[in-house]
Amino acid sequence: MENVIDMLWQNYQNTEFLLTQPLSNDFSFAIVTAHNPLGTLLTPSQNRLRDRALQSKILQYQSPYRCLVGAAPDLSHMEKSWAVFIDKDQALELGREFGQHAIYYVNQGLLSLISCFEPHRDEVPMGLFHQRLKLVSDLPEL
């Protein structure tokens, strides 16, 4: 039987991103969420509280950031997330602080999935970020 974390890890690799405007390939950034820590499904209200705490933490970096939504390709699961222009080590620290199995990192337009808690798990290259991007006029309320 497949481990739950391995199943989540596979799902993470299929994620697409909903944005209201494209992001430049000129800068590296992380994609982090506070929703559903360690794979535990929380209520929308609990996730909103966690998201507010994450946004407060992001403000402390004094770096540009942008709201986006990480979603399953069929939109059956969506999590509010943030693109934050910080380095990979800061992003991993942020992911760990908010109980996330992994974060995404974009460097020169290339998307990677990086484990926050399992150093033996290799960083997974996921191709060009813009190929996983869906531009929308408004982000869904979560």
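Thresholds, definitions, all that
Residues numbered from 1 in each chain as written. Predicted model: local features only at pLDDT ≥ 70, side-chain atom pairs only at ≥ 80, totals over all residues. Heavy atoms only, no water. Buried < 20%, exposed > 50% of the residue type's maximum accessible area, 1.4 Å probe, protein only. Helix = DSSP H or I, 4+ residues; strand = E, 2+ residues; numbered from the N terminus. Arc of directions from axis to C-beta. Contact = heavy atoms within 4.5 Å. Polar contact = N/O pair within 3.5 Å; in protein donor to acceptor, adjacent residues only side chain to side chain. Phe/Tyr/Trp six-rings, centres within 6.5 Å; stacked < 30°, edge-to-face > 60°. Lys NZ or Arg CZ within 6 Å of the ring centre and 35° of its normal. Core = buried A, V, L, I, M, F, W, Y, C linked by side-chain atoms within 4.5 Å. Salt bridge = Lys/Arg side-chain N within 4 Å of Asp/Glu carboxyl O.

Per an unreviewed UniProt entry, the protein carries the name DUF3293 domain-containing protein and comes from Shewanella aestuarii.

Novice: Help me understand helix α3 (residues 88-97) in this model?
Specialist: Side chains that are three or four residues apart share a direction in an α-helix, a result of its 3.6 residues per turn. When we look at burial in α3, the residues that qualify are Ala91, Leu92, Leu94 and Gly95. Taken down its axis, α3 places every buried residue within 160° of arc, on the same side. Next to the buried residues of α3 lie β2 (29-33), α2 (44-60), β5 (102-107) and β6 (110-115). For α3, the N-terminal capping position is held by Asp87, with its side-chain oxygen 3.1 Å away from the main-chain nitrogen of Asp89. One or two residues past the end of α3 sits Gly99, with phi positive at roughly 65°.

Novice: Help me understand the packing of aromatic side chains, please; the structure alone is not making it clear to me.
Specialist: Aromatic rings considered in pairs are described by the distance between their centres and by the relative angle of their planes. Across all of its chains, the model carries seven aromatic pairs by this definition. Taken together, a centroid distance of 5.5 Å and an interplanar angle of 85° make the contact between Phe29 and Phe129 edge-to-face. Of this pair, Phe29 sits in strand β2 while Phe129 is found in the loop between β7 (124-128) and β8 (133-135), placing the two residues 100 residues apart along the sequence. As far as the burial class goes, Phe29 and Phe129 line up, both buried. Here Tyr65 and Trp82 contribute two aromatic rings whose centre-to-centre distance is 5.6 Å and whose plane-to-plane angle is 65°, an arrangement assigned as edge-to-face. With Tyr65 in strand β3 (residues 65-71) and Trp82 in strand β4 (residues 78-84), the pair connects residues that are 17 residues apart, well separated along the chain. Accessibility expressed as a relative area gives 31% for Tyr65, which makes it partly exposed. One aromatic cluster is present, built from ring pairs that chain together Phe17, Phe27, Phe29, Phe85, Tyr104 and Phe129. Sitting over the face of the ring of Trp9, Arg121 holds its NZ or CZ atom 4.7 Å from the ring centroid.

Novice: Explanation requested: the nonpolar core in the structure shown.
Specialist: A general feature of soluble globular proteins is that nonpolar side chains tend to end up buried together. One finds Phe29, Ile31 and Phe129 to be the most contacted residues of the largest nonpolar core, which totals 18 residues. Mapped by element, the contributors of at least two residues to this core are β1 (16-19), β2, β5, β6 and β7. Contact partners of Ile31, with chain neighbours within four places excluded, come to Phe17, Leu68, Ser81, Trp82, Ala83, Ile103, Tyr104, Val106 and Phe129. Counting residues in hydrophobic clusters, the runner-up holds 17 residues, among them Val32, Val84, Leu92 and Cys116.

Novice: Can you walk me through the environment of Gln131 in this structure?
Specialist: Along the polypeptide, Gln131 turns up in the loop between β7 and β8. Between the C-alpha atom of Gln131 and that of Tyr65, which follows or precedes it by 66 residues, the distance is 20 Å.

Novice: Would you mind going over the pattern of salt bridges with me for this structure?
Specialist: Side chains that differ in charge, positive against negative, can pair when their charged atoms come close. Considering all chains together, one arrives at six salt bridges under this definition. Taking the shortest distance from any N to any O, the salt bridge between Glu16 and Lys134 comes out at 3.0 Å. A residue pair is termed long-range when its members are at least 10 positions apart, and Glu16 in strand β1 and Lys134 in strand β8 qualify at 118 residues. Residues joined in a network through salt bridges with shared partners are Asp6, Glu118 and Arg121.

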